[in-house]
Amino acid sequence: MTLNEICKPENLVYKKTSLLTDKVMHYCPGCGHGTIHRALMEVVDEMGLQDKTIGVAPVGCSVLAYDYMNVDMQEAAHGRAPALATAIKRLMPEKFVFTYQGDGDLAAIGTAETIHCCNRGEPILMIFVNNAIYGMTGGQMAPTTLEGMKTATSPYGRDVHKVGWPLRITEMIAPLNGVWSVSRHTVHTPAAVQKLKRAIKKGIEDSMAHKGTCFIEVCSSCNSGWKLSPVDANKWMAEHVLEYFVPGDIKVDGQMVR
Amino acid sequence: MEDLRLMKGNEAFAEAAIRAGCDGYFGYPITPQSEVMEYLMKEQPENRTGMVVLQAESEVSSINMVYAGAACGKRVMTSTSSPGYSLMQEGISYIAGAELPCLVLNVVRGGPGLGTIQPSQSDYFQATKGGGHGDYRLIVLAPSSVQEMADFVGLGFDLAFKYRNPVLMLADGVIGQTMEKVVMPPQRPRFTEEEIRRNTPWATVGKSIDREHNIVTSLDLQADSQERHVLHLQEKYNEIEANEVRCEQIKCEDAEYVLVAYGSSARICQKAVDLLRAKGIKVGLLRPITLWPFPTKEIQALVPHVKGFMSVEMSLGQMVEDVRLAVEGKVKVEFFGRCGGIVPAPEEVVHAVETKLL
Ligand SMILES: Cc1ncc(C[n+]2csc(CCOP(=O)(O)OP(=O)(O)O)c2C)c(N)n1
């Protein structure tokens, strides 16, 4: 069989969504951001919502998400994406509005914005990418850095008695009345990506139906920050990160399930 | 028929915002401007024009809500007082960098720190010299009456959209709290979605098939293109300096001495001018209405005809630096000010003129 015989429409099993631009991503090989971008944009594409979507990506490794996601996008100051999304949704209630935030952003500098956006029940989709580290600034300790984990600002390992415990902000916001759905996902296996896509679809539907805030945490590896190979980083994530940040549903259709 | 009201400056500002076709107000309570949001919440403009009003969790949040609303091509605004305005600086810098139009009101109270809730003009440096990080400028309007608290809302939005630049109204506790009669401007419609797509084609309102996706950002990691962007901003600021200086001159035609004062201080100085003229001393008043761009040329035009200037401020001397820069040492420039929330009496200004300037 020749290449031309294989490259036929009926044999097409995967096609890059036009909602991802052709710009070469700056992410490190092995990073989860690219996969999460794709999952999100594929669902927006499948739902035909490109013209109704406004995304907000704040400072962090994904600050340039606007170069890759082919929808209208706003870049936010560090931590403030939920404030931006609040205003966008209030001013244009019929749009689909999402934030795409890192752990430093959502759970440290932007904690107030996160909690109050969720508490008001702003009908947006919040995608929270937890890589347990500050990727963009070169691997410093994050609020989600695991106990004992070495980073540039915890070179002897995170001492929880000095700097506190890794923050499960997802579990914190889940009981808030304004929050409609909360789940934790990963992208380290193809099956996990499919699960994430299903959650994104539901989150988009529910936020557009003004049910409340829909919140999806995605545990993602940062092999550069963790100083591991991409394969080892995924292994380490499954063995350590997911032990503490346990995947699965936390709140479904307004009901706590955990 | 004229729509004449008796209102506080803060309330006049709020009512004028509804009438200016404002789409959204985002704020956080702080004295002496809390009446702005209180008025809006009571008035429920969502039922009148569809305007959104939201009490945010902080000034950090409210200014970032303004950023986002402006990025959607909407007329959005916030109001605060000094400590809250300090908290907003990062957001204002982002707004300036991303070239977004919006209106911010700072009803200044005395500082530094928590300071006092009494009126002050000690945020002049912060308002006119940047405030936040980076090379940027705000258009700064200084109302000196309740009427101007109302009139400058529409003007502020027009300037903001004309130049894609944040506009700051710098008032003080006196203007915010004083009740005066005010003629309310007529109701302007809010922008329609078609108008937004046509007039602000950069706005993030959802990608249509006839254009690329819109991106609102203040980031440019490449030094050469970031420099080009900052130079582009500078060109815009030069244009604003050339076209938008506003000031009022009272009795300056034959004046030998000129007081320079804005906001409440200008009201006090107006009285002081009358008192001094009654004593036979020819004094005039130059009132900057735009603090940036500053009426440098207007001051310079007076220099050949006068013996001296005195900047009168409710601070320990901030605007006086701009007066000195304008005068270039050619004649005397003196300063009189009170601080900490003290509003000077006209007689104090008269005394200062007699002892320092004559
Ligand atoms: C006000 C402010 N403080 C600090 C920074 C520097 N900074 C940029 S990104 C970042 C951390 C980002 O970490 P996270 O949100 O976890 O995202 P990641 O880069 O790991 O994807 C910091 C501290 C900034 N840009 N602004």
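1. A word on the overall build of chain A
Looking only at helices and strands, one finds 11 helices and 10 strands in chain A. Split into buried and exposed, the 258 residues of chain A put 55% on the buried side. Summarising the internal contacts of chain A: among those between residues at least 6 apart in sequence, 67% fall at separations of at least 24. Accessible surface computed for chain A: about 10700 Å², of which carbon and sulfur atoms make up 57%. For chain A, the distance from the average position of its 26 positive side-chain charges to the average position of its 26 negative side-chain charges is 2 Å.

2. Regarding the site of the ligand
Near the ligand you find 17 residues, and of these C61, G104, D105, G135 and M136 of chain A are the closest. More than one chain reaches the ligand: its neighbouring residues belong to chains A and B. Within the side chain of H33 of chain A, a nitrogen or oxygen atom sits 3.4 Å from an oxygen atom of the ligand. With respect to the ligand, the side chain of N131 of chain A contributes an N or O atom lying 3.0 Å from an oxygen atom. Calculation on the ligand without its partners gives an accessible area of 580 Å², and the protein chains cover 77% of this total. Counting residues per element, the shell around the ligand draws most heavily on helix α5 (residues 103–109) of chain A, which supplies four residues.

3. Re the domain arrangement of chain B
All names here are of chain B. The assigned domain composition of chain B is domain 1 (3–193) and domain 2 (247–357). Using C-alpha coordinates to define each centre, domain 1 is positioned 27 Å away from domain 2. Taken together, the 27 residues of domain 1 in the interface contact 25 residues of domain 2. Interface area for domain 1 against domain 2, summed over the two sides, is near 2100 Å², with a carbon-plus-sulfur share of 52%. Three residues, Q121, Y124 and F125, lead the burial of domain 1 against domain 2; their summed loss comes to 32% of the area buried on that side. Run the count over domain 1 and domain 2 and you get three salt bridges. A salt bridge links E180 to R267, with the shortest nitrogen-to-oxygen separation between them at 2.3 Å. Inspection of the domain 1/domain 2 interface yields 17 residue pairs in polar contact (both at pLDDT 80 or more).

4. Focus: helix α11 (residues 230–244) of chain A
Residue and element names in this part refer to chain A. Taking 1.5 Å per residue as the helical rise, α11 with its 15 residues ought to reach 21 Å, and the 20 Å between its terminal C-alpha atoms agrees with that figure. Along α11, the largest kink reaches about 40° and is centred on M237. On the buried face of α11, the contacting elements are β7 (179–186), β8 (213–219) and α10 (223–226).

5. Points about the interface of chain A and chain B
The interface is formed by 35 residues belonging to chain A together with 36 residues belonging to chain B. Both faces combined, the contact of chain A with chain B buries some 2700 Å², and carbon together with sulfur accounts for 61% of it. Across the chain A-chain B interface, the total number found is 15 residue pairs in polar contact (both at pLDDT 80 or more). Among the elements of the structure, β1 (53–58), α3 (65–68), β2 (72–76), α4 (81–91) and α6 (111–120) of chain A are those that each provide at least two residues to the side of chain A that touches chain B. Per-class residue counts for the side of chain A that touches chain B are 17 nonpolar, eight polar and 10 charged.

6. Topic: the pattern of salt bridges
Inspection of every chain in the model, using the stated rule, returns 40 salt bridges over all chains. One salt-bridge network, in which partners are shared between bridges, spans D3, R5, E15, R19, E43 and R48 of chain B.

7. Quick notes on the packing of helix α1 (residues 9–19) of chain B against helix α2 (residues 35–43) of chain B
All names here are of chain B. Here α1 crosses α2 at 50°, and the two axes come no closer than 8 Å. Viewed along their axes, α1 and α2 adopt a mutual orientation that is oblique. The handedness of the crossing between α1 and α2 is right-handed. Every residue of α2 that contacts α1 at N10, E11, F13, A14, E15 and I18 is listed here: E35, V36, Y39, L40 and E43.

8. Describing the sheet that holds strand β10 (residues 255–256) of chain A
Strand-to-strand pairing in sheets goes through backbone hydrogen bonds, with the strands running parallel or antiparallel. Strand order across the open sheet formed by nine strands is β10(A)-β9(A)-β7(A)-β8(A)-β4(A)-β3(A)-β1(A)-β2(A)-β9(B), with mixed pairing between neighbours. Strands at the two margins of the open sheet, each flanked by one partner only, are β10 of chain A together with β9 (215–216) of chain B. In the sheet, strand β4 (residues 125–130) of chain A pairs with β8 of chain A via six bridges, with the strands oriented parallel. Bridge assignment links I127 of chain A to a residue of β8 of chain A, and that residue is I216 of chain A.

About the thresholds
- Residues numbered from 1 in each chain as written.
- Chains lettered and ligands numbered in written order.
- Predicted model: local features only at pLDDT ≥ 70, side-chain atom pairs only at ≥ 80, totals over all residues.
- Heavy atoms only, no water.
- Helix = DSSP H or I, 4+ residues; strand = E, 2+ residues; numbered from the N terminus.
- Buried < 20%, exposed > 50% of the residue type's maximum accessible area, 1.4 Å probe, protein only.
- Contact = heavy atoms within 4.5 Å.
- Areas by Shrake-Rupley, 256 points an atom, 1.4 Å probe, with all protein chains shown as cover.
- Lys, Arg positive; Asp, Glu negative; His and termini not counted.
- Charge placed at Lys NZ, Arg CZ, Asp CG, Glu CD.
- Near = heavy atom within 4 Å.
- Polar contact = N/O pair within 3.5 Å; in protein donor to acceptor, adjacent residues only side chain to side chain.
- Domains from an automatic or database assignment.
- Buried area = accessible area lost by both parts, 1.4 Å probe.
- Salt bridge = Lys/Arg side-chain N within 4 Å of Asp/Glu carboxyl O.
- Expected span 1.5 Å × (residues − 1).
- Bend = angle between axes of the 7 residues up to and from the residue.
- Nonpolar A, V, L, I, M, F, W, Y, C, P; charged D, E, K, R; others polar.
- Axes fitted to C-alpha atoms, helices over the stretch in contact; angles between N-to-C directions.
- Parallel < 35°, antiparallel > 145°, perpendicular 65-115°, else oblique.
- Left-handed = near helix turned anticlockwise from the far one by under 90°.
- Pairing = 2+ DSSP bridges.

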